[in-house]
Amino acid sequence: MLNPNFLIIDSGIGGLSILQEIQHQIPGASACYVADNAAFPYGTQEESNLVARLLTLMPLLQRITQPDIIIIACNTASTIVLDPLRAQTRTPIIGVVPAIKPAAQLSRNQHIALLATPGTIQRQYTQRLIQDFASDCTVIKVGSSELVEEAERKFRGLPVRPEYIRNALAPLAAHLTQIDVLVLGCTHFPFLKEDISAQLPSTVKMIDSGNAIARRAAQLLEEMPLSSQKTAQNLFFFTEDTPGSHILVPGISHFGFDKVQFIGQNTIEFPQNPGAS
Ligand code: DGL
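Report follows, based on the coordinates.

This part is about the pattern of salt bridges. By the definition in use, this model includes five salt bridges. When the shortest N-O distance is used, the salt bridge between R123 and E47 registers 3.2 Å. Here R123 is found in the loop between α5 (118–122) and α6 (124–133), whereas its partner E47 is found in helix α2 (residues 47–65), with 76 residues between them in sequence. We classify R123 as buried; its relative accessible area is 2%. For E150, the salt bridge goes to R161, with nearest N and O atoms at 2.8 Å. Of this pair, E150 sits in helix α7 (residues 146–155) while R161 sits in the loop between α7 and α8 (162–169), and the two are 11 residues apart along the sequence. On the basis of relative accessible area, R161 is assigned to the partly exposed category, the value being 23%. The network of salt bridges with common partners includes E150, R153 and R161.

Before going further, it helps to examine the packing of aromatic side chains. Following the criterion strictly, the structure yields eight aromatic pairs and no others. Judged by centre distance (5.0 Å) and plane angle (25°), the ring pair of Y33 and F236 falls under stacked. Note that Y33 is positioned in strand β2 (residues 30–35) and F236 in strand β9 (residues 235–238), a separation of 203 residues in sequence. For F236, a relative accessible area of 0% translates into the label buried. Measuring from ring centre to ring centre gives 5.4 Å for F238 and F262, while their planes differ by 15°; the resulting arrangement is stacked. Placement of F238 in strand β9 and of F262 in strand β10 (residues 259–262) is noted, with a sequence separation of 24 residues between them. Pair check on accessibility: F238 and F262 agree, each one buried. Of the aromatic side chains, those joined through ring pairs into one cluster are Y33, F236, F238, F257 and F262. One residue, R161, lies across the ring of Y164, its end atom 3.8 Å from the ring centre.

Let's shift gears to the sheet that holds strand β7 (residues 181–184). Pairing is parallel across the open sheet formed by four strands, whose spatial order is β6-β5-β7-β8. With one partner strand each, in any of the chains shown, β6 (138–143) and β8 (205–207) form the two edges of the open sheet. If you compare each strand with its neighbour and ignore which way they point, the axes differ by 20° on average. Here strand β5 (residues 111–116) pairs with β7 via four bridges, running parallel. Its bridge partner lying in β7, L115 is registered against L184.

Cut-offs applied
Residues numbered from 1 in each chain as written. Predicted model: local features only at pLDDT ≥ 70, side-chain atom pairs only at ≥ 80, totals over all residues. Heavy atoms only, no water. Salt bridge = Lys/Arg side-chain N within 4 Å of Asp/Glu carboxyl O. Helix = DSSP H or I, 4+ residues; strand = E, 2+ residues; numbered from the N terminus. Buried < 20%, exposed > 50% of the residue type's maximum accessible area, 1.4 Å probe, protein only. Phe/Tyr/Trp six-rings, centres within 6.5 Å; stacked < 30°, edge-to-face > 60°. Lys NZ or Arg CZ within 6 Å of the ring centre and 35° of its normal. Pairing = 2+ DSSP bridges. Axes fitted to C-alpha atoms, helices over the stretch in contact; angles between N-to-C directions.

Taken by themselves, the reported measurements are silent on function.
Right under this line is the structure:
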């Protein structure tokens, strides 16, 4: 399919790490990105609330954005919502889940760590991934919402606080001589890659799901029929207009969006982007 339109959703800016990979691997793609800031953070939410929210929100977002492919660019959500979401739409959905399988293949010591939100760490889905693909590995799981906040702060132009990174990684301290792969199991964390790496031995490799998701999307597009040429739209949506969301706008402007919209409310244009209307 030429010039596909993606709908990419996360609680905040994390899914932009997936959008970056899509833009890199699928040059003709356009994207409507949704930061569900009204429900941020997803990582500490009750499972049933999060599922209900996404099942309700998605039909509205599909009506507004008319996507060819939906990407749930959030491990916390994908690990519980993919089946019920797929049951309510015929639009293909790609979920982002922790890269346990490639991490187990990469590890020479059979010791890997998973850094994700508290929600993702607790999921049965995550436990099954570990059983199915890393049963020969010791897997140390660390949940942190503080790092999600830290990534959002970095986007607001604030300095990353090394002590927050150190505290989040403290449960790994006793295992650092064995662990050789760290899975970044939250889409926010690639934006903290250098900050996390600065606190770890150089022997620890980091792996996230972005590249594999973009490859999966490209493969899916090859199987999809050619659609008539559409006008490319690169829109960023917030689900709530808050002072915090306005502070994120300069950081968002680097991702090629034409404008930022607050669903059902006002719009901020990026006049510097050609094609903005
Ligand atoms: N970026 C999301 C993920 O991949 C979670 C962020 C949050 O807790 O809201 O899990």
